Amino acid sequence: MRVPPPPEIEQHIVAIWREVLKIDSVGLYDNFFDLGGNSLQLARVHMRLRESIAPDLPLTALFDLPTVSALVSYLSSSPDREAGALDESRLRAQQQRRHRRTFRGPDPGDRL
């Protein structure tokens, strides 16, 4: 049985995203980049998360975990499950990019 993460973690991450992105509302499944975020802002989020709740979080993980929900799942998973959570998040991120390309063409940051 999976124990849900404490709501404080979700709220903390949402607060950081709102502050960095300078927006009023962030949902658990909103994509950071769809909300207008860029790599420099993601680096700021990374710094804030490392200072507060995730000192070992690699910056590259944030590119593969573009939603609060995915990030919370990754941070809440046990060390032996982190690789699987990251792989699942990467797959979801790739699927989201493919879906967006279908409607608006390739993203400038997509790897070809």
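Everything quoted here is computed from the prediction, not taken from an experiment.

Asker: Help me understand the overall build of the protein chain, please; the structure alone is not making it clear to me.
Answerer: Per the secondary structure count, the protein chain includes five helices and zero strands. In the protein chain, which comprises 112 residues, the proportion classed as buried is 33%. Within the protein chain, contacts between residues at least 6 apart in sequence are counted, and of these 49% link residues at least 24 apart. By element, 54% of the accessible surface of the protein chain is carried by carbon and sulfur atoms, the whole surface being about 7,300 Å².

Asker: I would appreciate a short explanation of the nonpolar core in the present structure.
Answerer: As a rule of thumb, nonpolar side chains are buried together in soluble globular proteins. By size, the foremost hydrophobic cluster in this structure holds 21 residues, and its most contacted members are Trp 17, Val 45, Leu 49 and Leu 57. Elements that contribute at least two residues to this core include exactly helix H1 (7–21), helix H2 (39–52), helix H3 (59–64) and helix H4 (68–76). Looking at which element gives the most residues to this core, the answer is H1, with six residues.

Asker: Explain the side chain of Thr 67 here, please?
Answerer: Within the secondary structure, Thr 67 is located in the loop between H3 and H4. Here Thr 67 falls in the buried class, since its relative accessible area comes to 8%. A distance of 3.0 Å separates a polar atom in the side chain of Thr 67 from the backbone nitrogen of Ala 70.

Asker: What should I look at first to understand H1 in this one?
Answerer: An α-helix turns once per 3.6 residues; consequently, residues spaced three or four apart project the same way. In this model, H1 (15 residues) spans 21 Å end to end at C-alpha, consistent with the 21 Å of a helix rising 1.5 Å per residue. What H1 keeps buried is the set Ile 13, Val 14, Ile 16, Trp 17, Val 20 and Leu 21. Down the axis of H1, the sector holding all buried residues measures 160°, keeping them to one side. What points out from H1, more than 90 degrees from its buried face, is the exposed set Glu 8, Gln 11 and Glu 19. In this structure, the buried residues of H1 make contact with H2 and H4. The first or second residue beyond H1 is Lys 22, which carries a positive phi of 55°.

Asker: I'm lost on the packing of aromatic side chains in this one. Help?
Answerer: Aromatic rings in a pair are described by how distant their centres are and how their planes are angled relative to each other. This structure, assessed with the given rule, holds three aromatic pairs. Considering the side-chain rings of Trp 17 and Phe 32, the 5.1 Å spacing of their centres and the 75° angle between planes classify their relative orientation as edge-to-face. Here Trp 17, found in helix H1, pairs with Phe 32, found in the loop between H1 and H2; they are 15 residues apart in sequence, far enough to count as distant. The class for Phe 32 is buried, based on a relative accessible area of 0%. Between Phe 32 and Phe 33 the ring centres are 5.4 Å apart and the planes differ by 85°, which places this aromatic pair in the edge-to-face class.

Asker: Help me understand the confidence of the model for the protein chain, please; the structure alone is not making it clear to me.
Answerer: The predicted coordinates should not be examined in detail at positions where pLDDT is low. The predicted model of the protein chain has a mean per-residue pLDDT of 81, with 63% of residues at 70 or higher. Within the protein chain, the lowest mean pLDDT, 59, falls on helix H5 (residues 79–104), and the highest, 96, falls on H2. With pLDDT under 50 throughout, residues 80–85 is counted as low confidence; its partners more than four residues away or in other chains account for five contacts.

Rules and cut-offs
Residues numbered from 1 in each chain as written. Predicted model: local features only at pLDDT ≥ 70, side-chain atom pairs only at ≥ 80, totals over all residues. Heavy atoms only, no water. Helix = DSSP H or I, 4+ residues; strand = E, 2+ residues; numbered from the N terminus. Buried < 20%, exposed > 50% of the residue type's maximum accessible area, 1.4 Å probe, protein only. Contact = heavy atoms within 4.5 Å. Areas by Shrake-Rupley, 256 points an atom, 1.4 Å probe, with all protein chains shown as cover. Core = buried A, V, L, I, M, F, W, Y, C linked by side-chain atoms within 4.5 Å. Polar contact = N/O pair within 3.5 Å; in protein donor to acceptor, adjacent residues only side chain to side chain. Expected span 1.5 Å × (residues − 1). Arc of directions from axis to C-beta. Phe/Tyr/Trp six-rings, centres within 6.5 Å; stacked < 30°, edge-to-face > 60°. pLDDT = per-residue confidence, 0-100.

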